[in-house]
Amino acid sequence: MITQLAHLPARPIRARRLLLGCGVLAGPSYVIIGLAQALTREGFDLTRHPWSFLALGELGWIQTLNFLLTASAVIATAVGLRRALAPGRGGRWAPILVGVFGASMIGAAFFPADPAMGFPVGTPAGPGTVTLTGTLHMAVGGIGFLCMIGACYVIASRYAREGRKGWALYSRITGTLFLGAFAGIVSGGGVVWSNLAFLAGIVAVLIWLSLLSLDLSRRTA
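Report follows, based on the coordinates. (Residues numbered from 1 in each chain as written. Predicted model: local features only at pLDDT ≥ 70, side-chain atom pairs only at ≥ 80, totals over all residues. Heavy atoms only, no water.)

Within the chain one finds seven helices and zero strands. Reading the chain from its N terminus to its C terminus gives the helix and strand order α-α-α-α-α-α-α. Scaling as 2.2 N^0.38, a compact globule of 221 residues should have a C-alpha radius of gyration of about 17 Å, and the chain matches this with 19 Å. Counting all 221 residues of the chain, 44% fall into the buried class. Contacts in the chain between residues far apart in sequence, at least 24 positions, make up 68% of those at least 6 positions apart. For the chain, the accessible area works out to roughly 11,100 Å², and carbon and sulfur atoms hold 71% of it. (Helix = DSSP H or I, 4+ residues; strand = E, 2+ residues; numbered from the N terminus. Rg over C-alpha atoms; globule rule 2.2 N^0.38 Å. Buried < 20%, exposed > 50% of the residue type's maximum accessible area, 1.4 Å probe, protein only. Contact = heavy atoms within 4.5 Å. Areas by Shrake-Rupley, 256 points an atom, 1.4 Å probe, with all protein chains shown as cover.)

What follows is the structure, given as structure tokens:
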């Protein structure tokens, strides 16, 4: 009986580390799969086309699957964050915000962007026709991005209270950079600098989520 009880605490810890492990892998896998497509898809230009365009065309199913797998990993991470951060500041809102970001990726998968700016191949140059599906894609994406920005600031507040100034500063910088990149793509979509800045912002915030998950997993251990 005593032996059985001794093993009970290890189970939730292992489950928590497994959930956080999803967060460690979510960012790198999404970036690697997306970048591989961006460099090989005919007609795709990183300086002109957002990554969401990769879900269009005959091979669009690859990016759609990438969205869904990453979304599942992010939602699992949110559950892990809930367990790792509770109790304490941010223990409720950080997981909720990250979970909404994951849900937004599911929405982005089901509501693809509108073809535009010559992609997929055969699409006329220019902004293209705006449809309800494309509008929903932008709407759910925007909600998710804002939630991740909020999550960065919530975690920054948590770590500042714990005296972990380096992590607090890193989280604030990531949130601010992503906010600037998001504002840039909203105001200047299609412009080279805004597309590249937004891509850098997405990569930065996903790396932040991976490192946060890794840090909490190690602290759990």
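We now examine unusual backbone geometry. The omega torsion of the bond from Ala86 to Pro87 falls at -5 degrees, within 30 degrees of zero and hence cis. With respect to the element layout, Pro87 can be found in the loop between helix H3 (60-85) and helix H4 (93-110). The amide bond that connects Phe119 to the next residue, Pro120, takes the cis arrangement and shows omega of 0 degrees. Relative to the helices and strands, Pro120 resides in the loop between H4 and helix H5 (132-161). We note that Met117 has phi near 50 degrees; this positive angle belongs to a residue other than glycine. Note that Met117 resides in the loop between H4 and H5.

Further remarks concern the layout of surface pockets. In this structure, the largest pocket encloses a volume near 950 Å³. In terms of lining, the largest pocket is formed by 36 residues, of which the most central are Pro50, Ser52, His137, Met138 and Ile185. Elements with a contribution of two residues or more to the lining of the largest pocket: H4, H5, helix H6 (165-188) and helix H7 (192-220). Ranked by the residues each element gives to the lining of the largest pocket, the list is headed by H5, at six residues. (1 Å grid on protein atoms, 1.4 Å probe; cavity = no way out; pocket = protein on both sides within 12 Å on 5 of 7 lines; lining within 4 Å. Points joined across faces, edges and corners; volume = space filled by probe spheres on them.)

Once that is clear, we can look at the environment of Ser187. Relative to the elements of secondary structure, Ser187 occurs in helix H6. Judged by relative accessible area, Ser187 falls into the exposed class, the value being 63%. Separated by 120 residues in sequence, Ser187 and Phe67 have C-alpha atoms that sit 24 Å apart. Among the polar contacts made by the side chain of Ser187, one reaches the main-chain carbonyl oxygen of Ala183 at a distance of 2.9 Å. Here the side chain of Ser187 touches Gly184 through a polar contact of 3.3 Å, landing on its backbone oxygen. (Polar contact = N/O pair within 3.5 Å; in protein donor to acceptor, adjacent residues only side chain to side chain.)

In this section: the packing of aromatic side chains. Under the definition given, this model contains nine aromatic pairs. Ring geometry for Tyr30 against Trp51: centres 5.9 Å apart, planes inclined by 50 degrees, an arrangement best described as tilted. Pair noted here: Tyr30 is in helix H2 (residues 10-40) and Trp51 is in the loop between H2 and H3, with a separation of 21 residues, a long-range link. For the residue pair Tyr30 and Trp51, the accessibility class agrees, reading buried in each case. When the centroid spacing of 5.6 Å and the interplanar angle of 80 degrees are considered together, the rings of Phe145 and Phe178 count as edge-to-face. Here the residue Phe145 occupies a position in helix H5, and Phe178 occupies one in helix H6, the gap between them amounting to 33 residues. Of the two residues examined, Phe145 and Phe178, each falls in the buried class. The ring of Tyr159 has Arg164 lying over it, and the distance from NZ or CZ to the ring centre is 4.8 Å. (Phe/Tyr/Trp six-rings, centres within 6.5 Å; stacked < 30°, edge-to-face > 60°. Lys NZ or Arg CZ within 6 Å of the ring centre and 35° of its normal.)

Overall, the coordinates contain zero disulfides when judged by the stated rule. Unpaired in terms of disulfides, Cys22 finds its nearest cysteine sulfur in Cys152, a separation of 19 Å. Cys152 forms no disulfide, and the closest cysteine sulfur to it belongs to Cys147, at a distance of 11 Å. (Disulfide = S-S within 2.5 Å.)

Before going further, it helps to examine the packing of H3 against H4. One way to put it is that H3 packs onto H4 with a least axis distance of 8 Å and a crossing angle of 170 degrees. What the angle tells us is that H3 and H4 run roughly antiparallel. Every residue of H4 that contacts H3 at Thr64, Phe67, Leu68, Thr70, Ala71, Val74, Ile75, Ala78, Leu81, Arg82 and Leu85 is listed here: Ala94, Pro95, Val98, Gly99, Phe101, Gly102, Ala103, Met105, Ile106, Ala109 and Phe110. Tallied by class, residues from the contact of H3 with H4 come to 17 nonpolar, four polar and one charged. (Axes fitted to C-alpha atoms, helices over the stretch in contact; angles between N-to-C directions. Parallel < 35°, antiparallel > 145°, perpendicular 65-115°, else oblique. Nonpolar A, V, L, I, M, F, W, Y, C, P; charged D, E, K, R; others polar.)

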